[in-house]
Amino acid sequence: MDVEEISRRHLAAGTPDDDIVRLLSRDILTIKRDRIPPAYAEEFARAVLTEAKNSTGLTGDLFTFEPAGSSMGEFGVGSRGAGDFFAHRQLARIIGRTSATVGVDEMDDAGAVCAGGDYIITTVDGMHSRLSDFPFLAGFHVTRATLRDVYVMGAKPVALLSDIHVADDGDVAKIFDYTAGVTAVGEAMGVPLVTGSTLRIGGDMVLGSRMTGCVGAVGVARHLTARKAIQPGDVLLMTEGAGGGTIATAAIYSGFPEVVDETINLHFLKACEALLASSVLPGIHAMTDVTNGGLRGDAYEMAETANCRIVVEEDELRTLVQPKVLAMLDALEIDYLGVSLDALLVVAPPEVAPEIKQVVGSAGVAMKEIGYVEEGAAESVLVVDGKIRDFSPRFRESAYTPVKKVVDGDKRDFEEMKAGVERAAEAAIAKKERMLARLRSS
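Rules used throughout
- Residues numbered from 1 in each chain as written.
- Predicted model: local features only at pLDDT ≥ 70, side-chain atom pairs only at ≥ 80, totals over all residues.
- Heavy atoms only, no water.
- Helix = DSSP H or I, 4+ residues; strand = E, 2+ residues; numbered from the N terminus.
- Buried < 20%, exposed > 50% of the residue type's maximum accessible area, 1.4 Å probe, protein only.
- Contact = heavy atoms within 4.5 Å.
- Areas by Shrake-Rupley, 256 points an atom, 1.4 Å probe, with all protein chains shown as cover.
- Lys, Arg positive; Asp, Glu negative; His and termini not counted.
- Charge placed at Lys NZ, Arg CZ, Asp CG, Glu CD.
- Patch = residues over 30% accessible without salt bridge, like charges linked within 9 Å, V, L, I, M, F, W, Y side chains within 5 Å.
- Salt bridge = Lys/Arg side-chain N within 4 Å of Asp/Glu carboxyl O.
- Pairing = 2+ DSSP bridges.
- Phe/Tyr/Trp six-rings, centres within 6.5 Å; stacked < 30°, edge-to-face > 60°.
- Lys NZ or Arg CZ within 6 Å of the ring centre and 35° of its normal.
- Axes fitted to C-alpha atoms, helices over the stretch in contact; angles between N-to-C directions.
- Parallel < 35°, antiparallel > 145°, perpendicular 65-115°, else oblique.
- Left-handed = near helix turned anticlockwise from the far one by under 90°.
- Nonpolar A, V, L, I, M, F, W, Y, C, P; charged D, E, K, R; others polar.
- Core = buried A, V, L, I, M, F, W, Y, C linked by side-chain atoms within 4.5 Å.

K.L.:
Can you tell me about the overall build of the protein chain, naming the residues and giving the values?
P.N.:
When helices and strands are counted, the protein chain shows 14 helices and 12 strands. Across the 442 residues of the protein chain, 49% fall into the buried class. Considering only residue pairs separated by 6 or more positions, the protein chain has 80% of its internal contacts joining residues 24 or more positions apart. Split by element, the accessible area of the protein chain, about 20,300 Å² in all, is 54% carbon and sulfur. For the protein chain, the centre of its 45 positive side-chain charges and the centre of its 65 negative side-chain charges are spaced 3 Å apart.

Laid out in structure tokens, this is it:
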């Protein structure tokens, strides 16, 4: 509960001050009734109102921004679909061209810069927002996710960093349980957690126990396996996958808690370790993890980055989803191709495919060929029973919880929203240029 936001909304609606204090006090006591008296709640509410008034109506570049006219939820930001991909491409425009070997404009799993003859890989992943009440799972899955992003760039992870935020009323133990999840993965893979930050969400202004955070990783590589190296004639190889934070969330909130246990493994990371230690690594063109909007989203992003046509054949795909996970997805009518499976996807010339499968198999992980790359428009298609079907990402990833199924049915006009988002991005670019001019002249 964001009491500052509530206060600002009441101010904008013209609600009298005393009524705002009364309403805010009621909301504060909803969360803190057992710990504070009504008099304290009223005093706190008046202080919130004072701060909201003092910070409302400020003008100028430092205090205002160009609104996009659509909210994060409406546009699907973070929901790993068409809206999310579009927003991320606007972020790449704002960042602009840099000296990075692999920059954000390439929409890869991680970025890379060259230093001392090696490639330094950096990446960061946010914990799954619905795992707030399950800190160990949140820490475990976000750490595994960020290490995956380093490995798929052909890099050996060397360090982890953690940033954890818990709202004002969250139990301190949350940060401990979360950190235990982070370090369980880190220690199992020999990657130390070396730094981090611990804060409250919104300071005093956000009540409740919601937790959010991220884990970043740094790796070192000699041979990059970035998406831009994909070439026509390559084949696609995919490992088995049991999912991570997304599947765990689907299981918990849909009444399948026993499925969560299937997500606790290091199969992906061990398969990558085997590839990095093998002589076949230089023959691999690209690797990625099947996460962003499922295989639908990743195939689309890869085709866009490499400017090739990617053809995925469904024949073997279902056999690569862990049986209990697949049974749950089928029972819940969740499209398994549009949800994160946390499988490893390797793109390589056909002549090295057998060796890649042998190396991955030596790590105890199954892998099969699921498609190929050809010249043509930058698109991804799905072949089912010999017929080509559209395989473009949906507006949002597959709705995998009861709440997401409700949200998925409420959509505004996408093209209208895109125009507002582009306008806001242009304004941010212009502001950046004004600030750079100011900084360079001082």
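Alright, that's what it looks like, and here's the rest.
K.L.:
Give me the lowdown on a nonpolar patch on the surface, citing residues and values where you can.
P.N.:
On the surface, Leu58, Leu62 and Phe63 cluster together into a nonpolar patch covering about 320 Å² of accessible area. For Phe63, a relative accessible area of 53% corresponds to the exposed category.

K.L.:
Give a detailed account of the pairing of strand 9 (residues 344-348), specifying residues and quantitative values.
P.N.:
Judged by how many residues are buried, strand 9 sits mostly within the fold: 5 of 5 residues are covered. What you see with strand 9 is no split at all: Leu344, Val346 and Ala348 on one side and Leu345 and Val347 on the other are buried throughout. Across 4 bridges, the pairing between strand 6 (residues 235-239) and strand 9 is antiparallel. Bridging across to strand 9, Leu237 finds its partner in Val346.

K.L.:
Tell me about the packing of aromatic side chains, and please be specific about residues and values.
P.N.:
Applying the stated criterion across every chain, the model contains 6 aromatic pairs. Aromatic side chains Phe75 and Phe414 sit 5.5 Å apart centroid to centroid with 40 degrees between the ring planes, which places their arrangement in the tilted category. Note that Phe75 is positioned in helix 4 (residues 72-75) and Phe414 in helix 14 (residues 414-441), a separation of 339 residues in sequence. With relative accessibility at 21%, the residue Phe414 sits in the partly exposed group. Of the aromatic side chains, those joined through ring pairs into one cluster are Phe75, Phe86 and Phe414. The side chain of Arg130 reaches across the aromatic face of Tyr253, ending 3.9 Å from its centre.

K.L.:
I'd like to hear about the packing of helix 8 (residues 245-253) against helix 11 (residues 323-331), residue by residue, with values.
P.N.:
The geometry of helix 8 relative to helix 11 is characterised by a closest axis approach of 11 Å and an angle of 55 degrees between their N-to-C directions. In terms of orientation, helix 8 lies oblique with respect to helix 11. The way helix 8 lies across helix 11 gives a crossing that is left-handed. Along the contact surface, helix 8 presents Ile247, Ala250 and Ala251, while helix 11 presents Val325, Met328 and Leu329. Here the contact of helix 8 with helix 11 is built from residues that sort into 6 nonpolar, no polar and no charged.

K.L.:
Outline the sheet that holds strand 5 (residues 211-221), supporting the account with residue identities and numerical values.
P.N.:
Strand order in the open sheet formed by 5 strands is 1-2-5-3-4, with mixed pairing between adjacent strands. If you trace the sheet from one side to the other, it starts and ends with strand 1 (111-115) and strand 4 (193-200), each paired once. For this sheet the average axis-to-axis angle between neighbouring strands, irrespective of direction, equals 15 degrees. As paired strands, strand 2 (residues 118-126) and strand 5 are joined by 8 bridges and run antiparallel to one another. For Asp125, the partnering residue across the bridge sits in strand 5 and is Val215. Of the strands in this sheet, strand 3 (156-166), strand 4 and strand 5 touch helix 7 (residues 173-188), which is tilted by about 170 degrees from strand 3.

K.L.:
Give a detailed account of the nonpolar core, specifying residues and quantitative values.
P.N.:
Ranked by size, the top nonpolar core spans 96 residues in total, and within it Leu275, Leu295, Leu344 and Ile356 carry the most contacts. Sorting elements by how many residues they give to this core places helix 6 (residues 135-151) first, with 7 residues. Excluding residues within four positions of it along the chain, Leu344 makes contact with Val152, Leu237, Met238, Thr239, Phe268, Ala271, Cys272, Leu275, Met287, Thr288 and Met367. Counting 14 residues, the second largest nonpolar core, distinct from the first, contains Val21, Leu24, Leu29 and Ala45.

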